[in-house]
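Listed here are the chains, written in short residue letters.
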Amino acid sequence: MSHLLVRIYFTEEEERIFLKLLLELKKRGVGGATLLKGIAGYGKRGLHDAGVEVFSYSLPVVLEIVEEEEKIKEVLEGLKNLLQGRLITTEKAELC
């Protein structure tokens, strides 16, 4: 049985979207997901860091999911309206 590690990228200001996605994943039977908050990052929208302003709302947030390949592909397909235009990466994962 093959598994995938999926990473979906957000910024803190998109909290409503990533929390909605987290609840949808749980509702659709995904075994688990983790939100990781970055301290800095950059992309096509520019540099994001806390710098002097500790209360910055544009810091990077990554949602990580490890799930059976077929299941996660099916779930992501069902959520494509919520994920449209978002950076999503996948890689094979081996469970030990």
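Residues numbered from 1 in each chain as written. Predicted model: local features only at pLDDT ≥ 70, side-chain atom pairs only at ≥ 80, totals over all residues. Heavy atoms only, no water.

J.: Would you mind going over the nonpolar core with me for this structure?
T.: It is characteristic of soluble globular proteins that their nonpolar side chains tend to be buried jointly. Residues Ile 8, Leu 21, Leu 25, Ile 65 and Ile 72 are the most contacted members of the largest nonpolar core, which totals 16 residues. If you list the elements that add at least two residues to this core, you get strand 1 (3-11), helix 1 (15-27), strand 5 (60-68) and helix 2 (69-78). For this core, the element with the highest residue contribution is strand 1, accounting for 4 residues. The residues contacting Ile 8, other than those within four sequence positions of it, are Leu 21, Val 61, Val 62, Leu 63, Ile 65, Leu 76, Leu 83, Arg 86, Leu 87 and Ile 88. (Core = buried A, V, L, I, M, F, W, Y, C linked by side-chain atoms within 4.5 Å. Buried < 20%, exposed > 50% of the residue type's maximum accessible area, 1.4 Å probe, protein only. Helix = DSSP H or I, 4+ residues; strand = E, 2+ residues; numbered from the N terminus. Contact = heavy atoms within 4.5 Å.)

J.: How should the pattern of salt bridges be read in this particular structure?
T.: Side-chain pairing between opposite charges can occur once the charged atoms of the two side chains come close. According to the stated counting rule, one finds 9 salt bridges in the structure shown. Put simply, Glu 77 and Lys 80 hold a salt bridge, and the shortest N to O gap is 3.0 Å. In this structure Lys 80 comes out as partly exposed when scored by relative accessible area, which is 48%. Overlapping salt bridges bring together Arg 7, Glu 64 and Glu 91 as one network. (Salt bridge = Lys/Arg side-chain N within 4 Å of Asp/Glu carboxyl O.)

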